[in-house]
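Overview (structure and organization)
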Amino acid sequence: MTLIVRDFRAQDADDAQAVTRARRASIPFEVTTPASLLFGVRTANPAKKYRLLVAEHNGEIVGTAHVGIAYDSTEPGQSYATPQVHPGHRGLGAGSLLLRTAEEHLAAEGATSVYAWATDNPESRAFAEKRGYRPTRQAHFQRLDLANGTLPPLPELPAGVELRTAADFEADPRPVFRADAEATSDEPGDISMAFGDYDDWISHTWNNPLLDRVLSTVVLVDGKVAAFTAAESDGGTRYMSGMTGTLRAHRGRGLAKLAKTDSLRRARAAGYTDAFTSNDADNGPMLAINTWFGYKICATEVRHVRTLV
């Protein structure tokens, strides 16, 4: 038996396909494509010290891990690494080797803390605890059956409210950036973010091949961005809400629900059959909205942290 961990080969098309298959098997409630993997590796900010690690067992890719420094955090030294192993190849040591390799890389780059997600089951929790990780918070992944479920009708728009798509802002995405920055800064989480670099946002959010600008809805109030939902898709059947947010001055008016209604209806019309989303367990308002749409929790993850120094 040969088990190794190596770096993803961005120049190898077969590697991108094999890693995509492994990640889809290990985390089926996310959207992954070969193009998105290649994009992440080729465009990573140098300060991120990013590596996409791959575990091979007898020449077959059985696990992966995204590894990097949270360079946009307000607290230096924060980092992340979450091993994901194909369900059919667990128990071989791939997760342990991926995590150990990730920790060595991060420590060498000055990381002081590593954050990692673990599926909320006894085996995964024990794996994390054995390696010195302590739980911090939960997140729920949810699925909506677009093919057979019932979506609410699009309501009549209030005076001054308009619906656009992210594609309508391709000439100047800055208004969408400002809305994303404000909404993201209010998201609950362990790592506080300094969200203010427009060029970095363009490179890694706006230009991400998973972002479906046509299906992403932007709500305008009196001509200005007030709310949005960013849609990710695999170009086939899978749709995922990347981020939904409302500017502080417009909260409590149902604009996030309006944005999601519009986006989901257009996604179904375009042939998408499965919609996924993820929310922090403490994000009550967004969880309530998704329950209203008919989303069902399909998996729960627990974020863990380990201090390296």
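Structural notes, computed from the coordinates. As the structure is a computational prediction, the values presented were derived from the model and not from experiment.

With that out of the way, let us pick up the packing of aromatic side chains. Ring pairs (aromatic) are described by centroid distance and by the angle formed between their planes. What the rule picks out here adds up to 6 aromatic pairs. Consider the rings of W292 and F293, whose centres lie 5.0 Å apart with planes at 75°: the pair is edge-to-face. Every member of this aromatic cluster is reached through a ring pair, and the members are F177, Y198, W201 and W206. Residue placement shows K48 over the ring face of Y50; its charged tip is 5.1 Å from the ring centre. Over the ring of Y198 we find R174; its NZ or CZ atom is 3.8 Å from the centre of that ring.

On the secondary structure map, V302 appears in strand 12 (residues 296-307). By relative accessible area, which is 3% here, V302 ends up buried. Between the C-alpha atoms of V302 and V54, which are 248 residues apart in sequence, the distance is 22 Å. When near neighbours in sequence (up to four residues on either side) are disregarded, V302 contacts A116, W117, A118, D120, R125, P135, R137 and Q138.

Further remarks concern the sheet that holds strand 6 (residues 134-145). Reading across from one edge, 1-2-3-4-5-12-6-11-10-9-8-7 is the order of the 12 strands in this open sheet, with mixed pairing throughout. Sheet topology places strand 1 (3-7) and strand 7 (161-165) at the edges, where each strand pairs with a single neighbour. Across this sheet, the average inter-strand angle for adjacent strands is 25°, counted without regard to direction. Sheet topology places strand 2 (residues 51-57) next to strand 3 (residues 60-69); 7 bridges connect them, and they run antiparallel. Its bridge partner being in strand 3, H57 is matched across the sheet by E60. Along the sheet face, helix 4 (residues 122-130) touches strand 5 (113-119), strand 6 and strand 12 and points at about 160° away from the line of strand 5.

Quick look at unusual backbone geometry now. Residues other than glycine seldom take positive phi values, yet K49 does so here, at roughly 50°. Position of K49 relative to the elements: it lies in the loop between helix 2 (34-42) and strand 2. The phi torsion at N58 lies on the positive side, around 50°, for a residue other than glycine. Mapped onto the elements of the fold, N58 is located in the loop between strand 2 and strand 3.

Counted residue by residue, strand 3 has 8 buried out of 10 residues, so it is predominantly covered. Where strand 2 hands over to strand 3, the hairpin turn is made up of 2 residues, of which N58 adopts a positive phi near 50°. Relative to strand 4 (residues 78-85), strand 3 is paired through 7 bridges, and the arrangement is antiparallel. Opposite T64, over in strand 4, you have Q84 as the bridge partner.

For P285, the location among the structural elements is in helix 8 (residues 284-293). By relative accessible area, P285 is classed as exposed at 61%. C-alpha of P285 to C-alpha of R21: the two residues are 264 residues apart in sequence and 34 Å apart in space.

Think of two packed helices as two axes; the pair is described by the angle between the axes and how far apart they sit. Contact geometry for helix 1 (residues 13-26) and helix 2: axes closest at 8 Å, N-to-C directions at 110°. Comparing the axis directions of helix 1 and helix 2 gives the class roughly perpendicular. Two secondary-structure elements touch here, helix 1 through A16, Q17, V19, T20 and R23 and helix 2 through P34, L37 and L38.

The full count for this structure, using the stated rule, is 12 salt bridges. Between D15 and R6 there is a salt bridge, with the nearest N and O atoms lying 2.7 Å from each other. Both residues of the pair, D15 and R6, count as buried. Taking the shortest distance from any N to any O, the salt bridge between E162 and R164 comes out at 2.6 Å.

Turning next to the side chain of T165. Looking at the secondary structure, you find T165 in strand 7. The class of T165 is buried, set by a relative accessible area of 17%. Once residues within four sequence positions are removed from consideration, T165 is found in contact with R213, V214, S216, T217, V218 and R266.

Burial within strand 9 (residues 224-233) is extensive, with 8 of its 10 residues counted as buried. Bridge count for strand 8 (residues 217-221) against strand 9 is 5 bridges, and the pairing is antiparallel. Within strand 9, the residue paired with T217 across the bridge is T229. Counted along the chain from strand 8 to the antiparallel partner strand 9, the turn is 2 residues long, and its residue D222 has a positive phi close to 55°. With 7 bridges connecting them, strand 9 and strand 10 (residues 238-246) associate as antiparallel partners. Paired with S233 across the bridge in strand 10 is Y239. If you look at the hairpin formed by strand 9 and strand 10, you'll find 4 residues sitting between the two strands, and G235 has a positive phi there, around 75°.

Rules used throughout
- Residues numbered from 1 in each chain as written.
- Predicted model: local features only at pLDDT ≥ 70, side-chain atom pairs only at ≥ 80, totals over all residues.
- Heavy atoms only, no water.
- Phe/Tyr/Trp six-rings, centres within 6.5 Å; stacked < 30°, edge-to-face > 60°.
- Lys NZ or Arg CZ within 6 Å of the ring centre and 35° of its normal.
- Helix = DSSP H or I, 4+ residues; strand = E, 2+ residues; numbered from the N terminus.
- Buried < 20%, exposed > 50% of the residue type's maximum accessible area, 1.4 Å probe, protein only.
- Contact = heavy atoms within 4.5 Å.
- Pairing = 2+ DSSP bridges.
- Axes fitted to C-alpha atoms, helices over the stretch in contact; angles between N-to-C directions.
- Parallel < 35°, antiparallel > 145°, perpendicular 65-115°, else oblique.
- Salt bridge = Lys/Arg side-chain N within 4 Å of Asp/Glu carboxyl O.

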